[in-house]
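Here are the chains, one letter per residue:
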Amino acid sequence: MYIVGEAEAEAAARVIREGALFRYGVGGECDRFEARYADYLSGGSADAHVTMTVSGTYALTAALVAAGIGPGDEVVVPAHTYMATATAVLAAGAIPVIVDIDESITLDPQALEEAVGPRTRAVIPVHMWGTAANMDAILEIAERHGLVVIEDACQAVGGSYEGRRLGTIGLLGAYSFNYYKNMTAGEGGAVYTSSADLDQLVRCSVDPCHFYWDGREEGFTPFAGLGARASEITGAILNVQLDRLPGMVESMRTERRQILEATQPLEAIGLTQSPMHSPDWDCAAHAFYLLPTTEAATIFSELASGVIAGKTGRHNYTEWDQVLAKQGAAHPQMNPFNFPENAECRADYDPEMCVRSLDILDRTVLIPMDPRHAPAEVEAIAHNIEVAARVALEGRDRSSAELRDTTPLDRQKFDLASVDGD
Ligand SMILES: Cc1ncc(COP(=O)(O)O)c(C=O)c1O
């Protein structure tokens, strides 16, 4: 969604003009992006591996497969995420166990602790809406119970947790580059790991034939991966996008800091800022407010141009139709819910099972940041938040609410004409 300009068009055109659309043999953009993104994520570590793929969904699937998750395993996922977090678990042949989020709208560590059972093998914390999950608490619980941690950083490209990039803290991390993400090529995904062995498994999952081009470690036994190789056009666009990313994230962090500071006094009338686990480091793609009632959240959200987290229509577990209906695959014999190995896994889904999450989500309002906002627009957003809070919480007259225009004026700010290569 974010910012795509002439530099991306030029990069894609170059690949087409050169006829170098395939990453192996003729290309080089995907290789270059993988190396650069691995550097960016790890701060230049020699043990950093990135493998591109076609989507965040497939990145999660490949990460689970590489981690050895499969039939007989339960994987804990939060009640609020895009359904791919759960469907990737099914694609690996395992069973998702859905647990509550807390007021930070990320996985509640207490809910994880309570959910761990004899079959639980892994947990997928999701850095939802760009905000970091409570990684210290999750890692501590995971270590105590011997769980694999796979981070879903699909919505958190460019963010960190206390100085470590999101997606690099667990055993593996998955990213999405679809249209709505901080870094985009329309579609795309990637897996990060610091283990060369796991990376080999991820690569096999993404492209069963990559050994033909890349060579193969002695002793590695390939398996039948699905095939989800990225194109050079994606690689070329992402090489430009990666140059934009740090400036965009910094800009969103500044914007959110200013908005949260300006609206902090509204705590006195009941406008609570949602807790964050790494406010100085995350992507700052949104500011979050927790309202006391759903009615107040509705009014506040309308006037402040926000989005109610629980009302996006696709991010609550109650909206993951295939999962709740236990349709884990097209063919019944490929459906993990029918595998004898999964007979003891807990799949007793019920729309009511995480009502605490639904209550929090219906009262949480997301205010999107935009790196192109100029200072006047940031002030206008803070002004509108105050007006909205006074109507929603103090009962001020809605018809006299004077709202300001917040459309970004500085549209050229990040529309780079050209970007340095390296
Ligand atoms: C939290 C989360 N996980 C996974 C995905 C899947 O990514 P993709 O759409 O690239 O398959 C998304 C994408 O919307 C997401 O938001």
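All values derive from a computational prediction rather than experimental measurement.

So, how was this worked out
- Residues numbered from 1 in each chain as written.
- Predicted model: local features only at pLDDT ≥ 70, side-chain atom pairs only at ≥ 80, totals over all residues.
- Heavy atoms only, no water.
- Near = heavy atom within 4 Å.
- Polar contact = N/O pair within 3.5 Å; in protein donor to acceptor, adjacent residues only side chain to side chain.
- Areas by Shrake-Rupley, 256 points an atom, 1.4 Å probe, with all protein chains shown as cover.
- 1 Å grid on protein atoms, 1.4 Å probe; cavity = no way out; pocket = protein on both sides within 12 Å on 5 of 7 lines; lining within 4 Å.
- Sits in = over half its atoms within 2 Å of the grid points.
- Helix = DSSP H or I, 4+ residues; strand = E, 2+ residues; numbered from the N terminus.
- Nonpolar A, V, L, I, M, F, W, Y, C, P; charged D, E, K, R; others polar.
- Core = buried A, V, L, I, M, F, W, Y, C linked by side-chain atoms within 4.5 Å.
- Buried < 20%, exposed > 50% of the residue type's maximum accessible area, 1.4 Å probe, protein only.
- Contact = heavy atoms within 4.5 Å.
- Points joined across faces, edges and corners; volume = space filled by probe spheres on them.
- Expected span 1.5 Å × (residues − 1).
- Arc of directions from axis to C-beta.

Here's the deal with the site of the ligand
Stage number 1. Near the ligand you find 16 residues, and of these Gly56, Thr57, Asp152, Ser176 and Lys181 are the closest.
Stage number 2. Contacts to the ligand include Asn178, whose side-chain N or O atom sits 3.0 Å from an oxygen atom.
Stage number 3. Protein burial of the ligand: of its 390 Å² of free accessible surface, 93% is covered by the chains.
Stage number 4. If you map the ligand onto the pockets, it falls in the largest pocket.
Stage number 5. Mapped onto the shell around the ligand, the elements with two or more residues apiece are helix H3 (56–66) and helix H4 (84–91).
Stage number 6. The element best represented in the shell around the ligand is H3, accounting for 3 residues.
Stage number 7. A class-by-class count of the residues in the shell around the ligand yields 5 nonpolar, 9 polar and 2 charged.

Brief notes about the nonpolar core
Stage number 1. Among the nonpolar cores identified, the biggest contains 42 residues, and Tyr37, Tyr175, Phe177 and Met183 are the most heavily contacted of them.
Stage number 2. Within the residue set of this core, elements represented by two or more residues are helix H2 (29–42), strand E1 (49–53), strand E3 (95–99), helix H5 (109–115), helix H6 (135–145), strand E9 (189–193) and helix H9 (232–263).
Stage number 3. In terms of residue count, H2 provides more of this core than any other element does, 6 residues in total.
Stage number 4. Discounting chain neighbours no more than four positions away, the residues touching Phe177 are Phe33, Tyr37, Val157, Met183, Thr184, Ala185, Gly186, Glu187, Gly188, Gly189, Ala190 and Leu238.
Stage number 5. Counting 41 residues, the second-largest nonpolar core is a separate cluster that includes Leu60, Val206, Ala228 and Phe337.

Concerning the layout of surface pockets
Stage number 1. If you add up the space inside the largest pocket, you get close to 720 Å³.
Stage number 2. Together, 31 residues line the largest pocket, and Trp129, Gln155, Tyr180, Lys181 and Arg314 are the ones closest to its centre.
Stage number 3. Where the lining of the largest pocket is concerned, the elements lending two or more residues are H3, H4 and strand E13 (364–368).
Stage number 4. For the lining of the largest pocket, the element with the highest residue contribution is H3, accounting for 3 residues.
Stage number 5. Residues of the lining of the largest pocket, tallied by class, amount to 14 nonpolar, 13 polar and 4 charged.

Here's the deal with helix H1 (residues 6–17)
Stage number 1. Here H1 contains 12 residues, and its C-alpha end-to-end distance of 16 Å stays within 8% of the 16 Å for a straight helix at 1.5 Å per residue.
Stage number 2. Buried within H1 are the following residues: Ala7, Glu8, Ala11, Ala12 and Val15. An end-on view of H1 places all buried positions within 135° of arc, on one side of the element. Exposed and facing more than 90 degrees away from the buried side of H1 are Glu6 and Arg17.
Stage number 3. Residues of H1 that are buried sit in contact with H2 and H9.

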